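Here's the letter readout for the chains.
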Amino acid sequence: MSTEPETTEETGPGTPDTADGAATAEGTPTGEAGGTEAAGAVDPTADGVADVEADGDDGGDGGSDAGARSGDAEAGAEAQVSEAQAELAAQRVERERIERRKAERKGPVAAGTKLSGQAADLLAAVRAVESGEKPAATVFEEREPAPRRPAPESAPRPQPLTQAVAETAETAAPAAESVDAVRRVLTDGGAPETLAPQVAAALGEGADALLREDPWQLLRVAGIRPDRADGFARALLGAECRPDDERRARAVTVWLLEQAALAGHTSLELPALVAALAKGGVPDPDAAVQSTLAEGEALVFQDALEEPGAPARQPRQGEEDSEEGEEGEEERPVRVLVGLERYALAEESLADGLARLANSMPKEDGPAEAWERAAAGARGSAGELIGAVAGHGLVLHTGGYASLADPARLLSEAPGLGLRAWAAAHTADGRDRFAALLAGFGRADGPSERPVGGTATVAGLLSGAEGPGRDADGAFDLDLLIVLDAPQLDVETAALLVESLPDGARLVLAGDPAVLWSVGPGRVFADLLAARTCPQIASRVPDPGPLGELVSGIGVGELNQVDAPGKEVVIVPVRDAGEAVHRTVQLVADSVPRAIGVPAEQTVVITPGHGGAAGTRALNAALKERLNPGPGRFGGFDPGDRIAYSPAPGRTLAGQVVKADAEGLHLSCSGAPVVVPRERVEQSVRHGWALTAHQAAGGRWPAVVVVLPGDAAQSLSRPWVYTAFSRADRHLSVVHGVEQALARAVTETPPKPRTTRLPALLRAQVPASG
């Protein structure tokens, strides 16, 4: 492993001023600590309520690096629905359908275990909800296993998402009069008027009246913290504003659950939530939780804890929710969880859909002999994958980047097996790389004339912009779906995908279990691996070369010295953040192009966070000054700038600025034209020479420069290092300023735990696989 290439010794331009001059916009704070980019978020499960990082944004959905943005939209101009609004509208439509399905369930709720103390009090509060006096909620539910179905069954399906988006898009943006009314309330409370569009969108119709009646509703806006909301409430309510106000208690409870979601949790254990409320200044945390549950603003659940060697207990038919239970029955340990409805419904819907696939016999298309020939013709783990898919509706596939050869072989064999098959990747780059890999396999003509599938992005598949489209029932028009980069799936996206699969379809989730988990809540792929309710095929195709050897070692907790005769891996030691920025610019602009032969436009820089002296803001400012200097004629951007565009939270598209005009900022993202309206540029576009590891997940570049300044030591973990280092295809430079913290992160810092319910929900419905 080289310590520094010869070309880095020459002197480059002086280090530019990397001070983070512009104030951070009042958006969702993010960073990248503990496996998420939810900086500024409070982790209620941690020891205390502390900031992760106050200067950042959420996995790419933050504001831009420039200062002021020019102009408001012209008065009277017709509203243009952005890609983000269309995608979010589609998700709302699907979530509403999920909620309707939950509401249609009949029969009593089975508790399955006895409760006492605080849990019993919470149950009593929820029973008041179920009586009809309060909004309905799902409480303490344990399900019977879904029966194994020998043949596909038809079920009502939603309308295609593209049609749903068209019907709901016109309501995606708040009306101008609503924004004006909210602006007046914000002014009265001393809050920035610029928050008005966000508040109006978050609170919906009548936002101004709701905000004036309950000022703590301001906490529903991303980036607002309780101290800001308290100041706003004092200005509006005067002497009526008290710390023990029930409205404040409920708002802070919901806010903490939202912060937990930003940190990756789909719910929180009750003791952790109560402790976080106490440390957040809520006088009576227990009453706050009960009030929040009674108002239907959160849901409470009881999950049985699995004891080693104990068989899973299933509720009996007609079992009543009683503290008495049957005589002689031993009480099982449980945990009480509290979560927001949107994530609870998504996780339950996901579990239902996965159980439907796992418990159903997949649709028979090709003859058994064809499957056997395909499995025998494929070597090693590719043959095992084909054999597993032959008899199962849900299969997991694990491995590094080179392991994509296995699902590519499966997709190439699909036409010969009579399957309409598609693969979906997390990013456009991942889609295009998989398509290139697929082109290397010879595709045999199938037994029918049905169209052969191809590749798409997950977002494009869900929106209908890519993929096979949907059938008359609203399900994907396919027989086999392979989802690549599966660790990047959050519970909501995964639920949308699984709910859209037709009965009898097969689903393969493929990915590298060592990378960072999703930006959004949940750890779907890891939970499925832990639940062991479906076949798991581990690829035996290793990543080649010195980079493959280095990354493979990191995956098992070892930071090895590797022999890199072709300068595949180079370590560049630095003393401070200023030198880190200088060396990074020198590597991207001079050293890597000359010594490695990779031009600057094919090199990406990865750093732990957005803020700080060597975060993405500082690095992008320095790289722009060197590679594409300009005045920033449109909100800090110039034609030719590399950008990271976030059409929706947790989703980042790499691209380049083409031009700017009255319509907005014109981008080219993976060759596709994108126009970002002027009012959305600050929220959704960043310079993109430097990214965080979560923004880079799912992508791969010929050369990668990983920057590890001294202040990044606390935010490093094994998944972060693995993800950042594994983005490099030919060359990796590590700008190293954290001394022994890098080795400690790899050997001692595993992923930060996330609280989820998916494993318990799956085990209740699907028998464990052998």
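Basis of the calculations
- Residues numbered from 1 in each chain as written.
- Predicted model: local features only at pLDDT ≥ 70, side-chain atom pairs only at ≥ 80, totals over all residues.
- Heavy atoms only, no water.
- Helix = DSSP H or I, 4+ residues; strand = E, 2+ residues; numbered from the N terminus.
- Areas by Shrake-Rupley, 256 points an atom, 1.4 Å probe, with all protein chains shown as cover.
- Axes fitted to C-alpha atoms, helices over the stretch in contact; angles between N-to-C directions.
- Parallel < 35°, antiparallel > 145°, perpendicular 65-115°, else oblique.
- Contact = heavy atoms within 4.5 Å.
- Salt bridge = Lys/Arg side-chain N within 4 Å of Asp/Glu carboxyl O.
- Pairing = 2+ DSSP bridges.
- Buried < 20%, exposed > 50% of the residue type's maximum accessible area, 1.4 Å probe, protein only.
- Polar contact = N/O pair within 3.5 Å; in protein donor to acceptor, adjacent residues only side chain to side chain.
- Phe/Tyr/Trp six-rings, centres within 6.5 Å; stacked < 30°, edge-to-face > 60°.
- Lys NZ or Arg CZ within 6 Å of the ring centre and 35° of its normal.
- 1 Å grid on protein atoms, 1.4 Å probe; cavity = no way out; pocket = protein on both sides within 12 Å on 5 of 7 lines; lining within 4 Å.
- Points joined across faces, edges and corners; volume = space filled by probe spheres on them.
- Nonpolar A, V, L, I, M, F, W, Y, C, P; charged D, E, K, R; others polar.
- Core = buried A, V, L, I, M, F, W, Y, C linked by side-chain atoms within 4.5 Å.
- Right-handed = clockwise from strand over helix to strand, strands pointing away.

Colleague: Help me out: how do you make sense of the overall build of the protein in this one?
Modeller: A tally of helices and strands in the protein yields 26 helices and 19 strands. Entry remark: accessible area of the protein is about 31400 Å², with carbon and sulfur atoms responsible for 50%.

Colleague: Could you clarify how one ought to interpret the packing of helix H24 (residues 718-725) against helix H25 (residues 741-748) in this entry?
Modeller: What describes two packed helices is the angle between their axes and the distance between those same axes. Between H24 and H25, the least distance of the axes is 7 Å, while the angle of their chain directions is 110 degrees. In terms of orientation, H24 lies roughly perpendicular with respect to H25. Here Arg718, Val721 and Phe725 of H24 come into contact with H25, specifically with Leu742, Ala745, Val746 and Thr747.

Colleague: Can you help me understand the pattern of salt bridges in this one?
Modeller: If the charged atoms of two oppositely charged side chains come close together, the side chains can form a pair. On inspection of all chains with the given rule, the structure shows 28 salt bridges. In this structure, the salt-bridge partner of glutamate 492 is arginine 342, at a minimum N-O distance of 2.8 Å. Here the residue glutamate 492 occupies a position in helix H17 (residues 491-499), and arginine 342 occupies one in helix H11 (residues 341-359), the gap between them amounting to 150 residues. Shared partners join several salt bridges into a network, and the residues in it are Arg220, Glu246, Arg250 and Glu297.

Colleague: Teacher, can you tell me more about the sheet that holds strand E18 (residues 701-708) here?
Modeller: Backbone hydrogen bonds hold the strands of a sheet together, and the pairing may be parallel or antiparallel. Taken together, five strands build an open sheet; the order of strands is E10-E19-E18-E11-E17 and the sheet is parallel. On the outer flanks of this sheet lie strand E10 (569-573) and strand E17 (690-691), each paired with one strand and no other. Taken together, the five bridges between E10 and strand E19 (residues 728-736) define a ladder with parallel strand orientation. Across the sheet, residue valine 570 finds its bridge partner in E19, namely serine 733. Contacts from helix H19 (residues 545-555) reach E10 and E19, with the element oriented near 60 degrees to E19. Strand contacts of helix H20 (residues 577-596): E10, strand E11 (603-606), E18 and E19, with the helix running at about 150 degrees to E19, the strand carrying the most contacts.

Colleague: Can you help me understand H17 in this one?
Modeller: Working note: α-helix, 3.6 residues per turn, so residues spaced by three or four point in the same direction. Most of H17 is tucked away: nine of the nine residues are buried. For H17, the set of buried residues is Val491, Glu492, Thr493, Ala494, Ala495, Leu496, Leu497, Val498 and Glu499. Put simply, aspartate 490 is the residue that caps the front of H17, since its side-chain oxygen is 3.0 Å from the backbone nitrogen of glutamate 492.

Colleague: Explain the packing of aromatic side chains here, please?
Modeller: What characterises a pair of aromatic rings is the spacing of the ring centres plus the angle enclosed by the ring planes. This structure, assessed with the given rule, holds zero aromatic pairs. Positioned above the aromatic ring of tyrosine 401 is the side chain of arginine 700, whose terminal nitrogen or guanidinium carbon lies 4.0 Å from the ring centre. The lysine or arginine in question, arginine 757, covers the ring of phenylalanine 301, its NZ or CZ lying 3.9 Å from the ring centre.

Colleague: Any chance you could explain the sheet that holds strand E16 (residues 685-687) here in plain terms?
Modeller: The five strands are arranged E15-E14-E13-E12-E16 in an open sheet whose pairing can be described as antiparallel. Of all strands in the sheet, those with a lone pairing partner are strand E15 (672-676) and E16, marking the two edges. Ignoring which end each strand starts from, the neighbouring axes of this sheet average 40 degrees apart. In this sheet, strand E14 (residues 664-669) lies alongside strand E13 (residues 651-661) in antiparallel orientation, the contact comprising five bridges. If you follow lysine 659 over to E14, its bridge partner there is histidine 666.

Colleague: Is there a simple way to think about empty space enclosed by the protein in this case?
Modeller: One water molecule sets the probe size; rolling that probe over the atoms shows where empty space is left. Summed over all chains, the structure comprises 13 cavities of 30 Å³ or more. Size it by volume and the largest cavity reaches roughly 380 Å³. The wall of the largest cavity is formed by 27 residues, among which Tyr401, Leu404, Asp485, Asp512 and Arg727 lie closest to the centre. Contributions of two or more residues to the lining of the largest cavity are made by helix H15 (428-438) and strand E8 (506-511). Considering each element in turn, the lining of the largest cavity owes the most residues, three residues, to H15. The class makeup of the residues in the lining of the largest cavity is ten nonpolar, ten polar and seven charged.

Colleague: Looking at this structure, I do not really get the nonpolar core. What am I missing?
Modeller: Taken as a class, soluble globular proteins show a tendency for nonpolar side chains to be buried jointly. Counting residues in each nonpolar core, the largest one holds 47 residues, and the members touching the most others are Leu186, Val199, Leu211 and Val338. Secondary-structure elements contributing two or more residues to this core are helix H4 (176-188), helix H5 (196-203), helix H6 (207-213), helix H7 (226-237), helix H8 (246-262), helix H9 (270-279), helix H10 (285-294) and strand E3 (334-339). Among the elements that make up this core, the one with the highest residue count is H8 (nine residues). When neighbours within four sequence positions are excluded, valine 338 is seen to be in contact with Leu257, Ser267, Leu268, Leu270, Leu273, Val289, Leu293, Ala298, Leu299 and Val300. Grouped together as the second largest cluster of nonpolar side chains are 41 residues, Leu354, Leu357, Trp422 and Val498 included.

Colleague: Whenever I open this one, the pairing of E15 confuses me. Can you help?
Modeller: A regular strand places its side chains so that they alternate between the two faces of the sheet. For E14 and E15, the ladder comprises five bridges, and the chain directions are antiparallel. Within E15, the residue paired with histidine 666 across the bridge is valine 675. The hairpin turn running from E14 into E15, its antiparallel successor, is two residues long, and serine 670 in that turn takes a positive phi close to 55 degrees.

Colleague: Quick question: what am I supposed to make of the side chain of serine 518 here?
Modeller: Relative to the assigned elements, serine 518 resides in the loop between E8 and helix H18 (524-531). A distance of 3.3 Å separates the side chain of serine 518 from the backbone oxygen of glycine 522, its partner in a polar contact. The contacts of serine 518, once residues within four sequence positions are left out, are Pro487, Gln488, Leu489, Asp490, His694 and Arg754.

Colleague: Where do I start with the pairing of E19 in this structure?
Modeller: Extensive coverage of E19 is indicated by the burial of seven of its nine residues. Relative to E19, E18 runs parallel, the two being bridged by seven bridges. Note on E19: the bridge partner recorded for leucine 708 is histidine 736. Where the polypeptide runs from E18 across H24 and back to E19, its parallel neighbour, the crossover connection is right-handed.

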